[in-house]
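Residue-level structure breakdown
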Amino acid sequence: MDIQAVHDYTVTIIKEAGERIRKSFFETMQIEIKSGANDLVTNIDKETEAFLVKKIRAYDATFRILGEEGMAQEQITSLDGVVWMVDPIDGTMNFVRQHRNFAISIGIYVDGIGQAGYIYDVVADELYYALKGQGAYVNGQRLSPLEALPLNEAIVGMNAVWATPNPHVEHEGIIQLIRTLRGTRSLGSATLEIVAVATGRMDAYLSLRLSPWDIAAGIIIANEVGAVSSTLDCRDVNLLTQDTFVVANPSIHKKLVGDYITLK
Ligand code: 2AM
Ligand code: CA
């Protein structure tokens, strides 16, 4: 695979998809509920994924595609060969309610190794991307390597509901963590939270349940600036299943997860 040619093509199609989404704001969208009231999908999610699948297959019909909305109609049970991980709109709730703060995400893996990652903040017109070993960029400007900091100066992305009794994580530890940190944020788009860590606007992002397409691109971008990704119990990320997730500045990753987070 000629990664540079694939890169140029991916930049073109992701921007074209973004332009289509921006135009969709002038039309009425159809909203459906998926697993629950917080889990939405619109016709624009499906149309955008269908558009990207068509473009990817037009480039090379042997590429395999795992997309959130299933428009590729493929079962991906291994990461052998070239696998594209596509989330047409990450942050659908933001898309529906705010018309901003959502992104298109594309990660390209070859035999399980991340080769290229793209996260396009459609309304800000900011394209974050990285090719493995070549650094991470936003709109052509290189992102700096992350600088070390202590946990009490860190800003961490997380969902506030974890600080209340919940079935997934010991909330007392989360309360202690919140008291220790400089601040918390919740942007509502996993991919934009990951690029916030990669750009140093936040120092970590935690989630109790993310899918491969939420994190595939972000891991590649974050890795290029030295950020560390794992599950919340410090296992390697597995891109074939839903799991917990953390991406963090390497200076705080171990302390954050080890001292404050206990999964139930
Ligand atoms: P999505 O918009 O593509 O569904 C919201 O806090 C973040 O978590 C979004 O990035 C959202 O992605 C993601 N997410 C992943 N799985 C989810 C689920 N089952 N329900 C709600 N949000 C989910
Ligand atoms: Ca999505």
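Here's what I pulled together on the structure shown here.

Parameters at a glance
- Residues numbered from 1 in each chain as written.
- Chains lettered and ligands numbered in written order.
- Predicted model: local features only at pLDDT ≥ 70, side-chain atom pairs only at ≥ 80, totals over all residues.
- Heavy atoms only, no water.
- Phe/Tyr/Trp six-rings, centres within 6.5 Å; stacked < 30°, edge-to-face > 60°.
- Helix = DSSP H or I, 4+ residues; strand = E, 2+ residues; numbered from the N terminus.
- Buried < 20%, exposed > 50% of the residue type's maximum accessible area, 1.4 Å probe, protein only.
- Donors = N, O, S within 2.8 Å, 3.2 Å for Na, K, Ca; no water.
- Near = heavy atom within 4 Å.
- Polar contact = N/O pair within 3.5 Å; in protein donor to acceptor, adjacent residues only side chain to side chain.
- Nonpolar A, V, L, I, M, F, W, Y, C, P; charged D, E, K, R; others polar.
- Domains from an automatic or database assignment.

1. Comments concerning the packing of aromatic side chains
- Considering all chains together, one arrives at seven aromatic pairs under this definition.
- Between the aromatic rings of Phe-63 and Trp-84, the centroid separation amounts to 5.5 Å while the plane-to-plane angle is 40°, which identifies the pairing as tilted. On the criterion of sequence distance, the pair formed by Phe-63 in the loop between helix H2 (43–59) and strand E3 (64–67) and Trp-84 in strand E4 (residues 82–90) is long-range, its members being 21 residues apart. Across this residue pair, the class does not change: Phe-63 and Trp-84 are buried.
- Ring centres of Tyr-129 and Tyr-137 lie 5.7 Å apart, and the angle between their planes is 15°; this geometry places the pair in the stacked category.
- Ring pairs connect the aromatic residues Tyr-9, Tyr-59, Phe-63 and Trp-84, which therefore count as one cluster.

2. Re the coordination of the calcium ion (ligand 2)
- Around the calcium ion (ligand 2), the donor atoms from the protein are Glu-68 (OE), Asp-87 (OD), Asp-87 (OD) and Ile-89 (O), and they sit 2.1 to 3.0 Å away.
- Site description for the calcium ion (ligand 2): donor spacing in sequence, E-x18-D-x1-I. Taken together, the residues Glu-68 in the loop between E3 and E4 and Asp-87 in strand E4 connect sequence positions 19 residues apart.
- By relative accessible area, which is 0% here, Asp-87 ends up buried.

3. Some details on the site of ligand 1
- The immediate surroundings of ligand 1 are formed by 14 residues, with Asp-90, Gly-91, Thr-92, Ala-190 and Arg-209 found nearest.
- One of the side-chain N or O atoms of Asp-90 is found 2.7 Å from an oxygen atom in ligand 1.
- In this structure, Ala-190 approaches ligand 1 through a main-chain N or O atom, which is 2.7 Å from an oxygen atom.
- Elements supplying a minimum of two residues to the shell around ligand 1: E4 and strand E12 (204–210).
- At three residues, E4 tops the list of elements feeding residues into the shell around ligand 1.
- Here the residues of the shell around ligand 1 sort into three nonpolar, five polar and six charged.
- Shared between two domains, the shell around ligand 1 takes at least three residues from each, and those domains are domain 1 (3–142) and domain 2 (151–260).

Function cannot be read off these values alone, since they describe shape.
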